[in-house]
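Chains, contacts and geometry: an overview
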Amino acid sequence: MTSRSLDVVAIGDAIVDVIATTTDEFIQQHGLRKGSMRLLSAAEADELYDAMGPAREVSGGSAANSMAGVAALGLRAAFVGQVANDQLGQIFTHDMRSLGVRFDTAPLAAGLATGRCLILVTPDAQRTMNTCPGASYELTVAALDDAMIASAAVTFLEGYLWGPERPRQAMLKAAQIAHEAGNTVAFTLSESLCIGDRREGVLGMIDNGVVDILFGNEDELLHLTGRSDLSAAIEQLRPRVRTLVATRGAAGAMALSEGKLAEIAAAPVEQVVDTTGAGDLFAAGFLSAWCRGRPIEACLQTGARAAADVISRFGARPDADLKERIVL
């Protein structure tokens, strides 16, 4: 077995979040569905950005946020994602490295700009995400460092990148490298929108043994299985994946691992400020505890505490004190 110098390496969108508070009226005026995620062209992103109020730029991307959380919890994390050689690409690279996440992917010399996500946060703390993937969809197998992937206990794959052919092939190759090294592969469904016509492909990947740990919220799992009840969805997936993790927001979370079901309540939150990154930090907490060999219930509890922590502040990234508040 390859020596493990990393705990988790993730492959996902390299995105810079542009976050602004807004009103319900703004959401309605622009024909947006509150709390949803949609993909934008560059022109559409420019139009929405021009209409937004004052915003701040913070490096984001689902799996990248998770790796920020893993690093903030004191583990060794790396990220693979494609940026361009532009200002947003430089911001993303600086932010990841400053958090202690290894990020070595070379930027594109020309072509598409670094991806961005225009996030609108309404007074009820719901976030409406409008993503222009840009360069992130240009990730290829050539960007992989085989030795780095083989050195990680867990390779974490982001569902947002499952659709485009080139990054999908990169993720499948990374999973192969990880399994050949005797390591674990985790996959997050990311968003119901990302399943759609990709459903059969995702199920085929699962049935082919690519995924050891599958993350999904209730809505995503229902979309994936075509069921109307979470219990039925879990039963359908039970024989197909070793560990299934289902998050249910305020209703808590559950996991079915090696045939045993564990269920926890949501961690308490004094005030919900911004739900951006809740699922990302749940995955970070779960995987961090998993890498430390904790029981499945403890993994769920750590994920819930990390999610509760991030939604109590603005933005999708944890602060440097996370490991002082959450002891693995």
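Up top is the structure.
Below you will find a few notes about this structure. Just so it is clear, the structure is predicted and the values come from calculations on it, not from any experiment. (Residues numbered from 1 in each chain as written. Predicted model: local features only at pLDDT ≥ 70, side-chain atom pairs only at ≥ 80, totals over all residues. Heavy atoms only, no water.)

In spatial order, the strands read E3-E8-E7-E2-E4; together these 5 strands make up an open sheet with mixed pairing. For this open sheet the edge positions go to strand E3 (37-39) and strand E4 (56-60), each flanked by a neighbour on one side alone. With strand direction ignored, the average angle separating the axes of adjacent strands in the sheet is 25°. Bridge analysis of E3 against strand E8 (residues 127-132) gives 3 bridges, and the strand direction is parallel. Its bridge partner being in E8, Leu39 is matched across the sheet by Thr131. The strands that helix H2 (residues 42-51) touches are strand E2 (15-21), E3, strand E7 (115-121) and E8; relative to E7, the one it contacts most, it runs at about 35°. (Pairing = 2+ DSSP bridges. Helix = DSSP H or I, 4+ residues; strand = E, 2+ residues; numbered from the N terminus. Axes fitted to C-alpha atoms, helices over the stretch in contact; angles between N-to-C directions. Contact = heavy atoms within 4.5 Å.)

What follows concerns the packing of helix H3 (residues 62-72) against helix H10 (residues 278-291). Where H3 contacts H10, the axes come no closer than 8 Å and their chain directions differ by 45°. Taken together, the axis directions place H3 and H10 in an arrangement best described as oblique. Every pair of crossing elements has a handedness; the one defined by H3 and H10 is right-handed. Between H3, through Ser62, Asn65, Ser66, Gly69 and Val70, and H10, the contact on the second element is made entirely by Asp280, Leu281, Ala283, Ala284 and Ser288. Residue composition of the contact of H3 with H10, by class: 4 nonpolar, 5 polar and 1 charged. (Parallel < 35°, antiparallel > 145°, perpendicular 65-115°, else oblique. Left-handed = near helix turned anticlockwise from the far one by under 90°. Nonpolar A, V, L, I, M, F, W, Y, C, P; charged D, E, K, R; others polar.)

Turning next to helix H9 (residues 230-237). Along H9, the positions that sit buried rather than exposed are Leu230, Ala233, Ile234, Gln236 and Leu237. Looking straight down H9, one finds that the buried residues subtend no more than 160° of arc, so they occupy a single side. Those residues of H9 that are buried lie in contact with helix H7 (199-207), strand E11 (213-217), helix H8 (218-225), strand E12 (243-247) and strand E13 (253-257). The opening residue of H9 is Asp229, an N-cap whose side-chain oxygen sits 3.1 Å from the backbone nitrogen of Ser231. (Buried < 20%, exposed > 50% of the residue type's maximum accessible area, 1.4 Å probe, protein only. Arc of directions from axis to C-beta. Polar contact = N/O pair within 3.5 Å; in protein donor to acceptor, adjacent residues only side chain to side chain.)

In this structure, Phe79, Phe156 and Phe215 are the most contacted members of the largest nonpolar core, which totals 47 residues. By residue number, the principal contributor to this core is H10, which donates 7 residues. Filtering out sequence-adjacent residues up to four positions away, Phe156 remains in contact with Val8, Val9, Ala10, Ile11, Ala63, Ser66, Met67, Ala186, Thr188, Phe215, Ala283 and Leu287. Core analysis: the next-biggest nonpolar cluster, separate from the first, contains 42 residues, Val80, Ala174, Ala181 and Leu221 among them. (Core = buried A, V, L, I, M, F, W, Y, C linked by side-chain atoms within 4.5 Å.)

This part covers the pairing of E2. With 6 of 7 residues buried, E2 lies mostly within the body of the structure. Looking at chain direction, E2 and E4 are connected through 5 bridges and run antiparallel. In the sheet register, Ile19 faces E4, and the bridge partner there is Arg56. Bridge count between E2 and E7: 7 bridges; the pairing is parallel. Bridge pairing in E7 links Ala20 to Leu120.

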